[in-house]
Amino acid sequence: MSGQWGAGKTFVFFDLAASLSTGQPWLGHVVKRQCGVLLIAAEGADEVRLRLDAVVREKCGNMTRAPFRWYETAPLLLQKGAVNTLIAMARQAEASLHAEFGLPLGLIGIDTIAACAGYSRAGDEYDNAVGQAVMNVLKAVAQELKCFVLGIDHFGKNLEAGTRGASSKESSGDVVLACLGDKQLSGSITNTRLAVRKHRGGKQGQEYPFQLRMVEAPEKDEDGDPITTMVIDWSPPGTAPAPSAPDDPWAKPKRQDQRTAALRCRSSRG
């Protein structure tokens, strides 16, 4: 699952985890195997507890504990012995989930592939052989544990090319989900949606619009200010994606210096 920065990739993962943990349908599809979830949090590890608590409150009936485990340290996927290390970590999580909830481990998320890969040389991320080696690690772990391994990654600068780096990442995956949105220069993102970019042996191209909703934690921070995070609110079935933002010819130059100059020119003429 990949997408633009700020388009909600990790929040979508937590939403999926909530459905798998409780057995509730996800995007209109029946969850056939209620299960526990493991997250390898190489990015945003300090936000995991906050995001998990929020999705449990909002989507899981505020259950006391959720069948969710995570590691804040991640093995490098291209390092020798990475498969065995990941399997050992997952086995430990699976034993804990089974003991407390009686559930198998069904989903492992790795957030993000770029942060966990451990590329040794500049340019390795764009090498298809190296990308295939990363995917082979995920495949070996999935087959050994009989679960689904979902790599989370970023889009590259060329959005049409999809996931950043080697094309072998997407070509080797059974499913490719894409978190899309219309990103403004200010950083705001509108028209957020999840697309099925690839589905091996199934239909692809479906889009599921959603909104990121800010929620507050029950407690405040040390200064008494609210602690906030986001949860996913899916639009009703059949809702058409919002129209894309109109093309801004002033924002089309790719280089930052060109873009800045164009915006200044527009401002002076406006």
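Structure shown above.
Residues numbered from 1 in each chain as written. Predicted model: local features only at pLDDT ≥ 70, side-chain atom pairs only at ≥ 80, totals over all residues. Heavy atoms only, no water.

Caption draft 1: Expanded view of helix H2 (residues 48–59). Across its twelve residues, H2 extends 16 Å between first and last C-alpha, which sits within 8% of the 16 Å expected from 1.5 Å per residue. Considered for burial, the residues of H2 that qualify are Val48, Leu50, Arg51, Leu52, Ala54, Val55 and Val56. Packing partners of the buried residues in H2 comprise helix H1 (9–22), strand E2 (36–41), strand E3 (68–71), strand E8 (207–220) and strand E9 (226–234). Positioned one or two residues after H2, Gly61 has a phi angle of 65 degrees, which is positive. (Helix = DSSP H or I, 4+ residues; strand = E, 2+ residues; numbered from the N terminus. Expected span 1.5 Å × (residues − 1). Buried < 20%, exposed > 50% of the residue type's maximum accessible area, 1.4 Å probe, protein only. Contact = heavy atoms within 4.5 Å.)

Caption draft 2: A look at the pattern of salt bridges. Evaluation of the coordinates by the stated rule reveals 16 salt bridges. Close ionic contact of Arg91 with Glu144 constitutes a salt bridge, the shortest N to O distance being 3.2 Å. Here Arg91, found in helix H3 (residues 82–101), pairs with Glu144, found in helix H5 (residues 128–145); they are 53 residues apart in sequence, far enough to count as distant. Under the relative-accessibility criterion, Arg91 is labelled partly exposed at 35%. The class of Glu144 is partly exposed, set by a relative accessible area of 41%. Linking Glu125 and Arg164 is a salt bridge whose minimum nitrogen-to-oxygen distance equals 2.8 Å. One end of the pair, Glu125, is in the loop between helix H4 (113–117) and H5; the other, Arg164, is in the loop between strand E5 (148–154) and helix H6 (168–172), and 39 residues separate them in sequence. By relative accessible area, Arg164 is classed as partly exposed at 26%. Through salt bridges with shared partners, one network takes in Glu125, Asp153, Arg164 and Lys169. (Salt bridge = Lys/Arg side-chain N within 4 Å of Asp/Glu carboxyl O.)

Caption draft 3: Main features of H3. End to end, H3 covers 28 Å across 20 residues, agreeing with the expected 28 Å (1.5 Å per residue, within 8%). Along H3, the residues classified as buried are Ala82, Leu86, Ile87, Met89, Ala90, Ala93, Glu94 and Leu97. Buried residues of H3 fall within an arc of 165 degrees about the axis and therefore sit on the same side. Those residues of H3 that are exposed and angled more than 90 degrees off the buried face are Asn84, Gln92, His98 and Ala99. Of the residues trailing H3, Gly102 is marked for its positive phi of about 70 degrees. (Arc of directions from axis to C-beta.)

Caption draft 4: Region of the structure containing the pairing of strand E7 (residues 189–199). Along E7, eight of the eleven residues are buried, which leaves the element largely enclosed by surrounding structure. Pairing geometry for strand E6 (residues 175–183) and E7, over eight bridges, is antiparallel. Considered in E7, the bridge of Cys179 is made with Leu194. The antiparallel hairpin formed by E6 and E7 contains five residues in its connecting segment, where Gly187 sits at a positive phi of about 105 degrees. Here E7 pairs with E8 via three bridges, running antiparallel. In the sheet register, Ala195 faces E8, and the bridge partner there is Glu207. (Pairing = 2+ DSSP bridges.)

Honestly, that's just the spatial picture; any functional story needs more than this.
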